[in-house]
Amino acid sequence: MPVKGIRTVTAARNGVGAFILQCKRLDFHYCNFGGSSRGMLAFLTQTLPRFAKENPQIEIRVSPRHQKHPMIKGQYINGNEKSICVRNLEPEDILKKAMILKDASGDKLKRTKKPITSLNESVRGIWSPYHGDLRGV
Amino acid sequence: MKRLQLQRWSSTVLSPRARTGNCLHQQLYTAKLRYQSTASSIQSESAPYDAIDVLEDPKLMSQVRRVHKHKSALAYPSPPVEAATRSAKLAALHARLYLPSRLPLQTLARTLVDASADENADFNNESLATLGHDLLTYYTTEHLLCNYPRLPLTVIFAAMYAYAGPKTLAAMAKEWGVEHAAMPGGEVDPGYLQFQRVEPGTDVEANSDLQSARPYAAQKNWRKTVTSKIFYDDEFGDQIKGVVSTGSGSGSGVTAELASATFVRAVMGAIYLHAGRPAAKRFFEQHFLSRHLNISELFNFSQPARDLARLCNRENFEPPVAKIISETGRKSRHPVFVVGIFSGQDKLGEGAGASLLEARERAALAALKGWYLYSPLNVRVPSSMEEEGAAPWKPVYVDLGEVIV
Amino acid sequence: MFSRSVLRSLVSDLRCTASAAPLPQRACLHQTALLRASQQEASSQSSSPNPDTPLSATPRAQTSQPDAHQGIKKQPVAPSFDSPLKVTKSLMSSLPHLAGQSPHYVVAELHARPYLLTEGDHIRLPFLMPNVKTGDILRFNRASALGSRDFTLKGSQHVDERLFECRVRVTGVESEPLRIKEKTKRRQRHTKTAKSKHRYTIMRVMDVRIKTPEELLQEGAVVVEDTADATKIEAKS
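Fair warning: this is a prediction, and the values are worked out from it, not measured in the lab.

Another point: the overall build of chain B. Of regular secondary structure, chain B possesses 15 helices and four strands. Looking at chain B residue by residue over its 405 residues, the buried ones come to 35%. Expressed as a percentage of contacts within chain B between residues at least 6 apart in sequence, the contacts between residues at least 24 apart total 62%.

What follows is the structure in structure tokens.
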């Protein structure tokens with residue numbers, strides 16, 4: 001057999017064709033009794049329905065957690081979880097925190113130096129010292 | 001040519017009310033006559049006299065209703081149809097994939113039920129997956145054959161596997177955010193992928209009986225030609241595996257990879273059935289073709305120099321000659337030779353290596369890849385003719401095929 | 001009666017095309033305002049939550065725009081092309097070589113910083129881009145160079161934006177890990193800690209395409225004689 005095929009898997013490039021939001025689920029936890037949940041309770045009754053309608057891709061769960069501060073937890077497609085404590089926050093600030101969780105990619109936070117990461121090979125090729133004419137000093 | 005009306009067709013095939021009149025229902029119906037009689041979602045012809053004697057006592061009826069409420073979820077091996085509209089997971093998945101609104105949640109719920117979870121063919125995704133599999137294979141094949149007409153068959157098989165193989169489909173299902181249910185059952189949220197898992201310790205490859213039309217398929221060590229794989233085997237060049245022991249049900253399961261792949265295929269089939277061909281094509285382009293694959297990495301040559309000589313002979317080129325373009329450190333511990341392969345005046349390819357032979361092999365490899373990876377400009381695939389107002393078809397480039405050594 | 005129904009069907013057809021046509025074609029940065037208006041129009045016409053072309057992913061991501069954008073003063077500047085694109089003869093003759101040789105790259109400029117982009121690249125901008133939402137499609141219209149393996153088209157300052165298309169999709173916002181800098185002063189035991197945690201917009205390049213001469217002529221480009229300072233295509237030496 002002159003040539004064989006090597007089996008691989010294509011790599012995902014989310015956003016090139018279809019775009020899938022990486023935040024898959026948001027859990028809102030509140031306490032009915034605690035004072036730090038006051039803003040959260042207002043958020044749940046007033047702002048959350050609109051937020052849920054604007055982001056149908058996200059599954060939203062609301063559940064009480066007694067004697068604890070209110071929390072927002074985001075579940076991501078890569079399996080990670082991010083959580084933000086929203087104690088004593090106003091509904092507008094809680095919405096901002098929810099937007100942070102919604103826009104996040106779910107990856108671990110990293111410091112990067114280069115702005116671009118690419119799967120493609122270099123378009124113009126890599127420079128080689130063995131090609132081209134010799135140049136005198 | 002008149003088109004089939006997919007809407008009407010799909011409504012009869014995929015009606016959520018189709019639970020009447022199938023074998024499973026009749027079996028359960030005879031077993032649990034009383035509970036089934038007040039079922040709101042189930043319409044059956046033989047219900048009336050049961051319903052009447054229940055209706056005589058309102059107290060009894062309410063009790064029956066209550067019992068039924070809890071038991072209806074457990075009556076079938078997969079979630080009931082009406083649970084689909086209540087599942088947040090399912091609605092989120094529908095929105096996440098930007099599925100057309102014509103594709104109802106009930107069908108999406110059905111695509112998530114594997115045949116190992118629910119054996120009833122009216123409620124599992126087997127039929128949808130069959131359709132989706134054929135569509136996927138067709139679209140991928142035409143894309144590959146039109147864009148890379150000179151690829152050798154083995155590389156086409158590998159590229160098919162990379163685009164639409166079970167590993168890729170399972171990865172896609174994961175990237176769509178589909179979670180697996182631990183065990184299938186009627187009470188499970190329909191947003192989970194439901195399948196019966198394989199018992200730990202079972203050999204996945206061993207228990208599948210081969211169902212090949214190939215003569216003497218049982219002879220493992222006989223040589224199988226590549227061309228015979230087109231005819232006898234599946235689209236990846238593998239032997240077609242038979243249906244894995246359908247009879248027993250509870251005993252056998254499928255791997256998570258296989259179940260995820262079936263789900264992705266079923267989604268493709270469901271889109272085709274509900275939203276039509278253009279939507280299915282667009283879904284394919286956006287989710288499958290947009291993925292990254294470097295086809296030049298799929299080649300595994302054994303003797304590239306020999307293949308190149310045969311190729312030049314076939315195409316009536318001058319026989320290939322390897323020449324040193326530049327070199328450095330021939331006597332040192334790490335020499336580098338840059339060798340080009342020339343056919344007459346034309347340079348076919350070049351490569352660098354630590355020995356002359358290695359450099360020559362690499363040069364021949366580059367030349368062969370340059371030949372096989374030819375891609376014409378402005379390619380159109382045959383299925384683009386199905387669009388409205390498509391330009392007249394121009395035949396695509398068809399190549400002689402790979403070199404036969 | 002008949003004519004009225006015909007008229008109505010015509011009007012509805014026109015409306016459909018008007019709302020659906022600009023979406024895939026013209027998703028430029030400078031047209032987002034216009035696009036948003038047409039989006040809202042479209043969503044108000046069809047009361048269903050799903051648009052007509054649900055698989056294209058852009059419409060629904062953009063219908064989720066709240067009206068808060070109307071208060072923003074700084075909007076992207078719409079291009080004002082007062083003359084058709086002028087292409088020299090030499091460029092016209094060598095453009096097919098460049099356009100036919102894929103893959104392409106583009107050196108796009110954003111706030112005077114160059115970004116060398118190919119299709120499918122993942123960009124993490126060194127800043128948080130205002131007024132964009134996750135899922136938006138932007139078009140980079142300022143490039144200093146376009147090229148393939150053997151050819152490069154360099155603009156005298158920038159390449160005319162009608163020569164190429166480069167679209168990116170906003171995929172979200174990332175942040176760096178919290179940095180803590182300790183600020184100390186002499187002869188003082190107090191240490192001040194300064195915290196910073198910047199946020200960055202992440203994007204994905206959807207396509208990099210160089211238009212062929214036929215497309216340029218279709219869009220109304222004018223072929224002119226060669227001049228000294230015109231954009232030229234250079235071959236690799």
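This part is about the interface of chain C and chain A. Taken together, the 32 residues of chain C in the interface contact 25 residues of chain A. Listed by contribution, the elements that provide at least two residues to the side of chain C that touches chain A are β3 (113-117), β4 (122-124), β8 (164-175) and β11 (199-210) of chain C. Tallied by class, residues from the side of chain C that touches chain A come to 14 nonpolar, 11 polar and seven charged. Of the strand pairs in this sheet, strand β6 (residues 116-117) of chain A and β4 of chain C are connected by two bridges, and their pairing is antiparallel. Its bridge partner lying in β4 of chain C, Thr 117 of chain A is registered against His 122 of chain C.

With numbering aligned to this structure, UniProt lists the feature "domain: Ribosomal protein/NADH dehydrogenase" (unreviewed entry) at residues 32-105 of chain A. Helix makes up 39% of residues 32-105 of chain A and strand 23%. Its end C-alpha atoms lie 31 Å apart.

Before going further, it helps to spend a moment on the sheet that holds strand β5 (residues 81-85) of chain A. Residue and element names in this part refer to chain A. Pairing within the open sheet is mixed, and its four strands lie in the order β3-β2-β4-β5. Across the chains shown, the open sheet's two edge strands, defined by having one partner strand only, are β3 (59-64) and β5. Strand after strand, the sheet turns through a mean of 15° between neighbouring axes, direction not considered. In this structure, strand β2 (residues 23-30) lies alongside strand β4 (residues 71-76), joined through six bridges in antiparallel fashion.

A word on the sheet that holds strand β5 (residues 137-139) of chain C. Strand order in the open sheet made by the five strands is β6(A)-β4(C)-β11(C)-β8(C)-β5(C), with antiparallel pairing throughout. On the outer flanks of this sheet lie β6 of chain A together with β5 of chain C, each paired with one strand and no other. By the bridge criterion, three bridges tie β4 of chain C to β11 of chain C in an arrangement that is antiparallel. Each residue of the ladder has a partner; that of Arg 124 of chain C, found in β11 of chain C, is Ile 202 of chain C.

Attention now moves to the domain arrangement of chain B. We note that the domain assignment places domain 1 (6-75), domain 2 (81-208 + 244-296) and domain 3 (301-372) within chain B. Centre-to-centre, using C-alpha coordinates, domain 2 of chain B lies 44 Å away from domain 3 of chain B.

Across the contact, 44 residues belong to chain B and 26 residues belong to chain A. If you tally residues by element for the side of chain B that touches chain A, the top one is helix α9 (residues 153-164) of chain B, at seven residues. Considering only residue class, the side of chain B that touches chain A consists of 24 nonpolar, 11 polar and nine charged. Here strand β1 (residues 3-5) of chain A runs beside strand β1 (residues 299-301) of chain B; their pairing, made up of three bridges, is antiparallel. Across the sheet, Lys 4 of chain A pairs through a bridge with Asn 300 of chain B, a residue of β1 of chain B.

Once that is clear, we can look at unusual backbone geometry. All names here are of chain C. Residue Pro 103 is bonded to the preceding Ser 102 through a cis peptide linkage, with omega at 0°. Mapping Pro 103 onto the fold places it in the loop between α5 (89-100) and β2 (105-110). Backbone geometry at His 111 places phi at a positive 50°, although glycine is not the residue there. Tracing the chain through its elements places His 111 in the loop between β2 and β3.

Now for the packing of helix α8 (residues 126-147) of chain B against helix α12 (residues 256-275) of chain B. All names here are of chain B. Where α8 meets α12, the closest approach of the two axes is 6 Å, and the angle between their N-to-C directions is 85°. Relative to α12, the element α8 is oriented roughly perpendicular. Here Leu 128, Ala 129, Leu 131, Gly 132, His 133, Leu 135 and Leu 136 of α8 lie close against α12, whose contacting residues are Thr 262, Arg 265, Ala 266, Val 267, Met 268, Gly 269, Ala 270, Tyr 272 and Leu 273. Its residues placed into classes, the contact of α8 with α12 shows 11 nonpolar, four polar and one charged.

Geometry of a packed helix pair, given as the angle between the helix axes and the separation of the axes. Residues and elements named next belong to chain B. It is at 7 Å that the axes of α12 and helix α13 (residues 277-289) come closest, and there the two elements cross at 150°. Comparing the axis directions of α12 and α13 gives the class roughly antiparallel. Between α12 and α13, the contacting residues are Met 268, Ile 271, Tyr 272 and Ala 275 on the first element and Arg 277, Ala 279, Ala 280 and Phe 283 on the second.

So, on to the nonpolar core. Among the nonpolar cores identified, the biggest contains 135 residues, and Ala 159, Phe 263, Met 268 and Ile 271 of chain B together with Val 106 of chain C are the most heavily contacted of them. Leave out the neighbours within four places in its chain, and Met 268 of chain B touches Gly 132, Leu 135, Leu 136, Ala 280 and Phe 283 of chain B.

Here is what the cut-offs are and how they apply
- Residues numbered from 1 in each chain as written.
- Chains lettered and ligands numbered in written order.
- Predicted model: local features only at pLDDT ≥ 70, side-chain atom pairs only at ≥ 80, totals over all residues.
- Helix = DSSP H or I, 4+ residues; strand = E, 2+ residues; numbered from the N terminus.
- Buried ≥ 20, exposed ≤ 12 C-beta atoms within 10 Å, placed from the backbone.
- Contact = placed C-beta atoms within 7 Å.
- Nonpolar A, V, L, I, M, F, W, Y, C, P; charged D, E, K, R; others polar.
- Pairing = 2+ DSSP bridges.
- UniProt positions renumbered as here; feature names shortened; annotations may be inferred.
- Axes fitted to C-alpha atoms, helices over the stretch in contact; angles between N-to-C directions.
- Domains from an automatic or database assignment.
- Parallel < 35°, antiparallel > 145°, perpendicular 65-115°, else oblique.
- Core = buried A, V, L, I, M, F, W, Y, C linked by C-beta atoms within 7 Å.

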